[in-house]
Every structure is written in structure tokens, then in C-alpha cells.
Amino acid sequence: MLYLLLPEYGLPLLLAVMLTTTTAVAVGVRRNRPRRWLPWALIGGATFAFGTGSITAVVLSEVLHLTAFPSWADGIFLGVFMPMLFLGLFGLTRSGAAIRDRASMIDALILTAAAAFLSWVFLVNPYLVNPQLSSLEKGISIAYPMYDVLILALFARIAIGTARTPSVMFLLISGTSLLAADVMYGLSQLNGDWQLGGPVDVGWLLFYAAAGAAALHPSMVELTEPKVLGHQQIAARRVVLGVASLAAPAVLFVEALSGPVHDGVVIAVGSALLVLLAITRMSVVASSLTRSLTRERELRLACEALLSTTDPSALREVMISAVARLLPPDAPHRVVLELNGVGDSDVEMAMRYTRTLPPDLAARLGDVELALHCPLSVGRRHVGDLYVAADETALVGLQDAVPVLAGQAASMVQTISLNREINRRDSEAYFRTLVLHAADVIVMVDSGNLVTYASPSAGTVLGRSDLVGTDLLALVDPDDRDRLAATVDAVRAGGGATDATALGMRRGDGERAEIELSIRDLRHEPTVGQLVLTMRDVTERRRLERELLRRAYLDQLTGLGNRLRFQDAVEEAVAQAGETGLVAGVLVLDVDDFKVVNDSMGHAVGDQLLIEISRRVVDALPERATVARLGADEFGVVFPGAMDTGQIEVAVDTVMAAFTEPFLVSHSVVTVNTSVGVATTEDAASTEQLLSQADLALDTAKSAGKGRWRRYEASLHNQVIKRMQIRTDLDQAIADGAFLLNYQPIVDLGTGVTRGLEALVRWHHPTRGMIPPLEFIEVAEESGLIVPLGTWVMRNAIATAATWMALRPEDPPYVSVNVSVRQFRTPDFVERVLADLAEAGLPPRLLTVEITESLLLGDDEKVHADIGRLRQAGIRVSIDDFGTGYSSLSYLHRVPVDTLKLDKSFVDTISTSARQLDLVRGIIRLAQTLEIAVVAEGIETATDRALLIDARCGFGQGYLFARPMPRDEVDAWLSTDLPQAAGAR
């Protein structure tokens, strides 16, 4: 406050603040003695460096009146303060301060990515485009916000993964104040209105004060102290991450409202990065669920093994083996199980330093710093202690599983002890005393299975204490009575003792209870002479297990089953089909263009659409069908027990019909289609084969067009094999250069003179002969091989066209080369084309690049810019197959081109359809208005040529004039090229 009220004393007050904060950090480290002192020492050094830089800046500006930038102060800030603060905070995140899980790290990255995006738009980019700054000044100016983003990442990691202690809160206040002050300082510098003693200084002063308070508070030791971690509160984190995810759309919205969008590329990159991080976050959640299921399975196996133990040594072996399976493979560890422990049963599980444990115990745990200590208690009775020594990260992963394991072990310790005492004691009075205090129900039955004794715990567990004289079988559910009777008879017949048997029974209040029953034959004991049954109430444990299992098989968004449930349903349907002879079918549905809905209307609308789709699909199918969500926009249906495939096909038609009506989602009408792949047990003998065939059918349906369904046929498999072979051979053919080019003339329709030739690639396979382009071009597109193939075509076509100048030097023809979308979008496409022209010596005006309409959709600035660069260099650009894609002359206003190639489908019917001819004339007139030439493709008759000439179409190509020909025939063609009145040569 004095610093702001007395600016004339700013320098000494700033020095006092700096020294006070540095001293506070040093005192806090010395007094509180944290586990890791180096991160705090670095933070203290950072505050000292920050103060030194601030004092240097004040002396230079206020005392020496030097305003040079950069200055020595900038060197201190960037070279000393920022690195020390970064290393200090990084040390805290690596010293037990944060929960080591990938989810919290990705959450921090999302927040940091949003901050980096905003920093780039509002701080970094203004410096980059400032013409008044030199390169050094720009670099220094940009370094500040970039460092701030790194610092924010570490603060976000601490905020998301650390318990909210006072020291953590002070540390976060310090970091928030520093980052806010830096942002205000950067904005003030850009606006030129920063001055000493303003609001920016308040943020820096808060940075000092909060940093000192964080170090002084005793809770600072918890930042680097190992501890048992509780469940995190994630509601606030979701809000913050939601706001962070909206950073890029918000900036786009603001810029769109205020004028032209200046940061489109940055916004696109930022949005893509945030989406990728969100997808990664989802995969982490899925992995976490898988690990939870694995842990639950190991716990179940361990609990089953514990139930079969009869002595402490066997129990120790089971515990050691269980802990080893719960830890990561090959993780070094030691396990010590202390039984008959004496201590407070209220002691909770905790991380302990091995050096603080008794020497003999520490020696058995080995040379490890930390051990996880979990007491074994039954009720308020302390029966032992479990110690696990390992790396801290491994111990953190055990914290959820060990209490369950320890609880089961404690129960078994009591049970083993009780059974031992039953065998050891021949005094019935002593036996009754023990049984009275047992948590489990102890029951004795005579030879007629009538209860002769029940421990008092029966009133708590079973809700009734008047069991004497009751038939044992009458206590359990009717469905379990035969199984219980068989078990009792087996024990009487010499089976000895039984493992835990799960049974259901009704309590006195009518509620169902689940118990585990163990039977021991003590008829040979004079004081007992009967069977002894131990009943343990496992109702709550079974409920938790079922809940975990339900969640493992449930899609949280739609409430349908997930992929695991789908696979189980498929296995059941296949098994049923094999037993009954009926037909089972599998449908795999993929929502067409779902990504467009997500991108244009938001993920919330996309999620609601998936919910509505799931409801329609469920309503459209009979109850015996199982519907599951397999992935983002993919659903699966299992249709069991069909009389024939016709029933399944009727169900498919019903599902397809459900998509004919639009969906009303969030007050918006959304229309989507679905592609469906169908497979049945008539073509598949196993679950794997059935699923594979359904996926193959889905791929075929999507390839044939959207909104279709296909059933698996054997020919589809052959097609896939054929495509795979083409893919393999194509790769080798590109490496060997095993292609050739044919050229089809493009003629002046009026004179018949060749004005250009279109290069068409051909592939003569060594064993299959000539492969049609429609077969291998599509494979090349899917595999990405279209890029090297297109590069080869472009280079060879240009080289060939250069030779035509000698044949017709006064009017050489141009060469037209098709370019795929993927090839055009390669970063160095334009540079490669220009290099090929220069190498061959071909003038750019003699090259036409043919692109498809789909390349021009949207507002891709790079595509538009590359087209402009080609045309500026003299290369002509043509729209190929106009009318077969998203035909719209509107994009020609935004992206000028030179030529439209009218697709053959328009030309084929102009001689028989007046409407088609009028349509062609309209397209030609509009193109001429835009000063765009028109080339008609597929002209095969003189009538078509005459009609096109009458419609004022300038150029054409087709079999009427010439078929595609190899290079040597092209030379002969050009040598004899003369005007034609009509007809082909």
C-alpha cells in the first residue's frame, strides 16, 4: 500500500518487499523443513531475481532515465527469474505435490492450450506484426507471454492435482497475480499507457506477498509430502475446462462480429489442439475404467483365495501374491503382514517413512523410502498391519485396492483365529464366549439340518435371533435350497470343510440378504458333535460389485450397453443359433456426417442427437434385440432367434425408416442418415467372423453412398482381398515407376484443332494386365499413395508437353493434369509444380491443373492462396467433372478459375432431353459471364458436337475426336493435326 501511496519512495519500498519475501521463503523452508527443499529454494531465488529485475528496471527508467528496450532488466527476468520459477514449480509437481495421473495432466494441458491460444492472439501476434519493433525486440516481447504460458501450465497442474491447503491457495494466488500482472503489462505496453505505480504493480506485489505466505504457512510441507489421496472434486474443474475449450470459438465469434477474421489459421489450430486433447482425455478415462476392472478382478480373485486360507502363513502368501498382481509388472516392492497387532483401530491408512518404523520392520521392508501402512481391523478390534514398500507412484496406485484387501484379510484373520480356537478348546462355555462376539453368524445344525444354536450376531445379519429349531434349508431362497442341501450332504459324507458358498436369504424384515456360507464338520469334537456353519453378510459388497460391472458394460451418454455388452450379446446369440438352428444377425450402424453436426452445432447438440438416435433405434426393433453404442457415432444391434434372414432384413428396413424423419434437437431440426452393415450366422460360424463380416458390409455400404445398408456376401470378402492386393502391388509399382501416361486431345469444337491434351495415368500390371483407373485410383486415394503417384504424373506430363513445342512451335498445345485433393493440400505442392516447369523448360501457360469441386468447399485460406499463386505464375486452373459433386457457381466468385470441364453425364443426354440441353446452355452462359472457358467431356457423336457448338461451348474432348493414346502416337497426331468440320479421324 505504501508503495502505491508513496511512489517517490518506490525504489526503497520495492527493495524492502523483495528482501522480505525472499527472507520469508528462506525462513519458511528452514522452519517447516519440507521433504524437498530445492523447489522452494528455487522459488525464493526467483522472487529475489524478480525483485532485482524490477529494481533494475526502476533505476534505469526513473533514475537514469534510460528507456532502451531490451534492457538489463529483461535479461534478469528472462534469464534468471523465469527459469528459476519454472524449475521450482516443476519440482513441486514432481515431488508428491500433484496426483500422478494422466487425466489431471491432460486437464492442465487443455487449460494451458487455451491460455497459449489467447496469449498468441492478444499478445504474441501483435508484437510479431508490429513494424516498429526489431527482431530482437520482438523476440524479447514474445518471450514474456511464452514463459507465462509455461508457468501457467505448472500452476494448472498444481491446482488440478493437489489438495487445497492454505499454502497451495497462497501459491495459486501468487501465480495468478503474477500472470494477471504480466498480461496487463503486455497489453499496456501494446497500448503505450503503462506507468509505474499502476494496477500492474498491485499484481506483482500480490505475487511477492502470497509467495512469502505460502512458504511460511506450515501446510507448505504437504506439497512435497507423500500422502494418501482422497477423491477429487471435479465440478469446478469441469467448469474451468469447459470455458477453456470455448476460447477458440469465442475469439472467432468476436472477430467475426467486429469485422474480417484475422486469426483464422490460429483459431483452427487452437480448436484442433483442444479437440485432440479432449479425445485424449476420453481415451484416458476409458483406460482408467479398464484398469479399474482389472483391479476389481484381481481383488475378487484375491478375496476368493483368502476365503480358502486356514492358517496365517497361507494368508500371508495370498496377501503377498495379491499385492504383487495389483502392482505394475516387475515393480520392486516388499510386503510385510503383521498379525496379532496391538493398537488403535481408528488409525487410518497412511504413507509412512520407513526410517520412522521399528528397526526390525524397516529392515524387512528393505532400502525403500516409503511404505503404505494399512491397519487390519474388524469393527474396533485391531488384528494386524499391512505394510507395502515400493516406489511412491506405485503406492499411489494401490491406495484404492489395499483397504479392500486388508478388510478381507482382517475378516479372515478373525475367522482363522475363531476356527483355531474352536478346534483347540474343548470347553463349550469358552466356545460360546468367542462366538458371542463374532461379527459373522455361527450356526450349528444336527443330522436333520435343524438349527440347534445361532450366535447373537444372527439378529444383526439375518434380522432374527429365534433360529433354534428352524430348518436350515428354510432360511435360504428356494432357488438355493437344493444346492445348499447337496453341499451339506457332501460335508457329512466326508468332504471335511467347504469353501465359501454364495447364497441368498430373506431377513426378518423381508429384505433379501446375500451371504457367504462355509461349513466345517466338527462331529468328531465331543463338545460340538455337529456341523458348524459360518455365515458372512456380503450384501453390500455384492451390490458394489454389480454396480461396477454395470458401469463397465454401460454407455454413460445413451444408457445403452457399450462394446463389451455388445460382444457378450453377440456371443450369446451365436451360441443360441448353434443350439436352436435359428438365425442370429448383427447390424453395425454408422451415422453419416455426424462430424459435420458436431463441428457446426457443437458437441452438446451432437450428444443429444446420439441420445435421440439411440431411442429411435430401440423403438424400431423388437424387445429381443440388443442395441449398444460401440463408439462415437457407431451403434451395434444383435438380433437373435430369427426364423430366417428375411426377418433380419425387415428389421434393417425398419431401422433405416427411423432415419427418414428429421430429429428435433435443442430446438433445431437435424437430418442425418445412417449406413448399416449386416451379417448373419448363415455366413459366419463364430463371433469373430460375424463381427468381421458386419464391419466389412458396413464399409461396403459407406463406399456405395450414404444412407444405405449392405448385407455380407462372400464376394465382399473377395473384393477386400483384391483391394488389399492392389494396395500392395501399387506401393511397389510406384517405387518401380511402373506406370505410363496416355493423352486425350482437347479440341476446338469449331475448328477441330487440338488445343491441349489431358494426361491420363495407366497401370499395366505384370500378371493382371491393364488395371482400370477406377480400381487403383480409389485405392491410392485411401492409402495416401495418390500423392507420390500424382507427383510422378505431374513431372512426366510436363516433361512430355515440353517436347510438343518443337512439333508446333507457333501454337503448342497445353497439357492438362488431374490433381487430387490430398496432393493439392501437401505443403510444397505449388513449389514442386514450379520446379518441374523450370526443369522441363515448359512455359506455365502451357500447363492446366485440374481440381475437383470438393477442394473449393469451405473457406480454406491456404487452398485459395495456392490457387492464386498458380494463376499468378501463369498456370491455368480447371474444375474437373463439374456437376458431379457439390456443384455451385457461387464459389467461382470467391476462387477464380480458368476453365470448367462439363461432366460426361451432362453431354450424354443433350440430344434426347431438351431439359438437359437447356441446363447445359445455362451453365455455359453463366460460365461465359464469369469469363470462364467450358470444356465438354465425353463427346461421342457429331450431333452432340453440333448441339454444343450451338450452345457456344468452345472446347471438347471424347471418342468422337480421339481415344487416349500413348506418347508416340501423340507426336504423330500433332504432326497431322488439321481443322475438321465434323467427325473423328
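Residues numbered from 1 in each chain as written. Predicted model: local features only at pLDDT ≥ 70, side-chain atom pairs only at ≥ 80, totals over all residues. Heavy atoms only, no water.

A. Structural view of the overall build of the protein chain. Tallying secondary structure elements over the protein chain gives 35 helices and 25 strands in all. Burial statistics for the protein chain: of 985 residues in total, 47% are counted as buried. A sequence separation of at least 24 residues applies to 67% of the contacts in the protein chain between residues at least 6 apart. As presented, the protein chain carries roughly 47200 Å² of accessible surface, and 58% of it is formed by carbon and sulfur atoms. (Helix = DSSP H or I, 4+ residues; strand = E, 2+ residues; numbered from the N terminus. Buried < 20%, exposed > 50% of the residue type's maximum accessible area, 1.4 Å probe, protein only. Contact = heavy atoms within 4.5 Å. Areas by Shrake-Rupley, 256 points an atom, 1.4 Å probe, with all protein chains shown as cover.)

B. Molecular detail of the layout of surface pockets. Computed from the structure, the second largest pocket encloses a volume of approximately 1500 Å³. Lining the second largest pocket are 42 residues, and of these Leu774, Ile777, Asn818, Asp880 and Asp881 lie nearest its centre. For the lining of the second largest pocket, the elements supplying multiple residues, two or more each, are β18 (754-765), α26 (773-783), α27 (786-807), α28 (821-824) and β22 (876-882). When the residues that make up the lining of the second largest pocket are grouped by side-chain class, the tally is 17 nonpolar, twelve polar and 13 charged. (1 Å grid on protein atoms, 1.4 Å probe; cavity = no way out; pocket = protein on both sides within 12 Å on 5 of 7 lines; lining within 4 Å. Points joined across faces, edges and corners; volume = space filled by probe spheres on them. Nonpolar A, V, L, I, M, F, W, Y, C, P; charged D, E, K, R; others polar.)

C. Inspection of the packing of aromatic side chains at higher detail. Considering all chains together, one arrives at five aromatic pairs under this definition. A ring pair is formed by Phe659 and Phe663, whose centres lie 5.9 Å apart and whose planes are at 65°; its orientation type is edge-to-face. Look at Phe663 and you get buried, because its relative accessible area is 2%. The interplanar angle of 40° and the centroid separation of 5.0 Å between the aromatic rings of Phe824 and Phe829 together place this pair among those described as tilted. For Phe829, a relative accessible area of 4% translates into the label buried. Members of the aromatic cluster, connected to one another through ring pairs, are Phe739, Trp763 and Trp792. Cation over ring: Arg616 sits above Phe663, and NZ or CZ is 3.8 Å from the ring centre. Taking the ring centre of Tyr814 as reference, the NZ or CZ of Arg876 above it sits at 4.3 Å. (Phe/Tyr/Trp six-rings, centres within 6.5 Å; stacked < 30°, edge-to-face > 60°. Lys NZ or Arg CZ within 6 Å of the ring centre and 35° of its normal.)

D. Quick look at the environment of Val368. The topology assignment puts Val368 in the loop between α13 (359-365) and β3 (370-378). The exposure class assigned to Val368 is partly exposed, which follows from its relative accessible area of 24%. Between the C-alpha atom of Val368 and that of Glu392, which follows or precedes it by 24 residues, the distance is 9.6 Å. Setting aside anything within four residues of it in sequence, one finds Val368 in contact with Thr354, Ala389 and Ala390.

E. Seen up close, the side chain of Asp748. By secondary structure assignment, the location of Asp748 is in strand β17 (residues 740-748). This buried residue, Asp748, is left without a salt bridge; Arg755 holds the nearest opposite charge, at 4.0 Å. Ignoring sequence-local partners within four residues, the contact set of Asp748 consists of Val753, Arg755, Arg945, Gly954 and Phe955. (Lys, Arg positive; Asp, Glu negative; His and termini not counted. Salt bridge = Lys/Arg side-chain N within 4 Å of Asp/Glu carboxyl O.)

F. Representation of the packing of helix α20 (residues 563-580) against helix α24 (residues 687-703) within the structure. Where α20 contacts α24, the two axes come as close as 9 Å, and the packing angle between them is 115°. Regarding α20 and α24, the two cross each other, and that crossing is right-handed. On the side of α20, the interface is formed by Phe566, Val570, Glu571 and Val574, while α24 contributes Thr687, Leu690 and Leu691. Residue composition of the contact of α20 with α24, by class: five nonpolar, one polar and one charged. (Axes fitted to C-alpha atoms, helices over the stretch in contact; angles between N-to-C directions. Left-handed = near helix turned anticlockwise from the far one by under 90°.)

G. Highlighting the nonpolar core. Residues Val815 and Leu847 are the most contacted members of the largest nonpolar core, which totals 79 residues. Among the elements that line this core, the one with the most residues is α27, at eleven residues. When sequence neighbours within four positions are dropped, the list of residues in contact with Val815 reads Tyr743, Leu757, Ala759, Ala797, Ala801, Trp804, Leu842, Leu846, Leu847 and Thr848. Grouped together as the second largest cluster of nonpolar side chains are 39 residues, Leu398, Val402, Ala410 and Val413 included. (Core = buried A, V, L, I, M, F, W, Y, C linked by side-chain atoms within 4.5 Å.)

H. Structural context of the pattern of salt bridges. Inspection of every chain in the model, using the stated rule, returns 25 salt bridges. In this structure, Arg483 and Asp480 form a salt bridge, with 3.1 Å as the shortest nitrogen-oxygen distance. Taken as a pair, Arg483 and Asp480 lie in helix α18 (residues 478-495) at a separation of three residues, close to a single helical turn. Since its relative accessible area comes to 11%, Asp480 is described here as buried. With a shortest N-O distance of 3.7 Å, Glu940 and Lys904 are connected by a salt bridge. On the criterion of sequence distance, the pair formed by Glu940 in the loop between β24 (933-936) and α34 (942-950) and Lys904 in helix α32 (residues 904-907) is long-range, its members being 36 residues apart. Lys904 gets classed as partly exposed once you look at its relative accessible area, which sits at 32%.

I. View of the sheet that holds strand β6 (residues 451-454). Judged by pairing direction, the sheet is antiparallel, and its five strands sit side by side in the order β6-β5-β9-β8-β7 without closing on themselves. The sheet terminates laterally at β6 and β7 (501-506), the two strands that pair on one side only. Along the sheet, successive strands turn relative to each other by an average axial angle of 35°, direction set aside. Pairing of strand β8 (residues 512-521) with strand β9 (residues 531-537), which is carried by seven bridges, proceeds in the antiparallel orientation. Bridge pairing links Ser518 to Thr534 in β9. (Pairing = 2+ DSSP bridges.)

J. Structural detail: the pairing of strand β21 (residues 847-851). Of all the five residues making up β21, five are buried; the element is thus mostly covered by neighbouring parts of the structure. Of the two faces of β21, both are covered, the one formed by Leu847, Val849 and Ile851 as well as the one formed by Thr848 and Glu850. With four bridges joining them, strand β20 (residues 814-818) and β21 adopt parallel strand pairing. Bridging across to β21, Val817 finds its partner in Val849. Note that β21 and β22 share four bridges and pair parallel. Paired with Thr848 across the two strands is Arg876, which belongs to β22.

K. Summary view of the pairing of strand β15 (residues 674-680). The element β15 is extensively covered by neighbouring structure, given that seven of its seven residues are classed as buried. Residues of β15 alternate between two faces, with Thr674, Val676, Val678 and Thr680 on one and Ser675, Gly677 and Ala679 on the opposite face, all of them buried. Bridge analysis of strand β10 (residues 583-591) against β15 gives seven bridges, and the strand direction is antiparallel. Each residue of the ladder has a partner; that of Val586, found in β15, is Ala679. Sheet topology places β15 next to strand β16 (residues 709-711); three bridges connect them, and they run parallel. Bridging from a neighbouring strand, Val676 pairs with Trp709 of β16.

Everything listed here is a matter of coordinates, which is why it stays silent on function.
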